[in-house]
Amino acid sequence: MVLSGLQKYILKKGLEGEKNTVNKAVLKRFYVGQKISPSEEDKLNIITKSVDKLIKRGLIRGVGIKTAKKWFIKEVVLTKEGTKKAKELLGRQQKLPFKKYKDKK
């Protein structure tokens, strides 16, 4: 599974947050310090699309308000799979070898 830089940022911030949650306003900080930054409207669209993709992959859940036409996501919560993926990105998830070892007798 290939993740964009923003999606990796969302997962990492989820681990830092209380109860694995991140407010959507915090996600805008991803663009701070970049030489070329998109407009505010584009930032919101890009963040929304990245969050939607992560929800479809089952890595996060969105918390917000649903109107008749659309969802307004206020914050995101990491799922169990999202927590594992975030730890893997940070290098804290141990990878076990799955090779079958033969006993030499």
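The structure reproduced in this document is the subject of the present report. (Residues numbered from 1 in each chain as written. Predicted model: local features only at pLDDT ≥ 70, side-chain atom pairs only at ≥ 80, totals over all residues. Heavy atoms only, no water.)

## A look at a positive patch on the surface
Judged by side-chain charge, Lys-49, Lys-53, Lys-56 and Arg-57 come together as a positively charged surface patch. Within the secondary structure, Lys-53 sits in helix 3 (residues 40–57). (Patch = residues over 30% accessible without salt bridge, like charges linked within 9 Å, V, L, I, M, F, W, Y side chains within 5 Å. Areas by Shrake-Rupley, 256 points an atom, 1.4 Å probe, with all protein chains shown as cover. Salt bridge = Lys/Arg side-chain N within 4 Å of Asp/Glu carboxyl O. Lys, Arg positive; Asp, Glu negative; His and termini not counted. Charge placed at Lys NZ, Arg CZ, Asp CG, Glu CD. Helix = DSSP H or I, 4+ residues; strand = E, 2+ residues; numbered from the N terminus.)

## Concerning the pairing of strand 2 (residues 60–66)
As paired strands, strand 2 and strand 3 (residues 71–78) are joined by seven bridges and run antiparallel to one another. The residue of strand 3 that forms the bridge with Ile-65 is Phe-72. (Pairing = 2+ DSSP bridges.)

## Re the side chain of Lys-85
Tracing the backbone shows Lys-85 in helix 4 (residues 80–90). Among the residues examined, Lys-85 registers a relative accessible area of 16% and is labelled buried. Apart from the residues within four sequence positions on either side, Lys-85 is in contact with Met-1, Leu-3, Leu-11 and Leu-59. (Buried < 20%, exposed > 50% of the residue type's maximum accessible area, 1.4 Å probe, protein only. Contact = heavy atoms within 4.5 Å.)

## Notes on the pattern of salt bridges
Any two side chains of opposite charge can pair, given that their charged atoms come close. One pass over the full model with this rule turns up three salt bridges. Where Glu-16 meets Lys-13, a salt bridge forms, and the shortest distance between an N and an O atom there is 3.2 Å. Pair noted here: Glu-16 and Lys-13 are both in helix 1 (residues 5–16), with a separation of three residues, about one helical turn. The exposure class assigned to Glu-16 is exposed, which follows from its relative accessible area of 60%. Residue Lys-13 is classed as partly exposed on the basis of its relative accessible area, which comes to 24%. Ionic pairing is found between Lys-85 and Glu-88, a salt bridge with its closest N-O pair at 3.5 Å. Of this pair, Lys-85 and Glu-88 both sit in helix 4, three residues apart, which is roughly one turn of that helix.

## Overview of the sheet that holds strand 3
Hydrogen bonds between backbone atoms are what pair the strands of a sheet, whose relative direction is either parallel or antiparallel. Pairing within the open sheet is antiparallel, and its three strands lie in the order 1-3-2. With one partner strand each, in any of the chains shown, strand 1 (21–23) and strand 2 form the two edges of the open sheet. Averaged over all adjacent pairs, the angle separating strand axes in this sheet is 30 degrees, with direction ignored. Lying on the sheet, helix 1 is in contact with strand 1, strand 2 and strand 3; it crosses strand 1 at an angle near 115 degrees. (Axes fitted to C-alpha atoms, helices over the stretch in contact; angles between N-to-C directions.)

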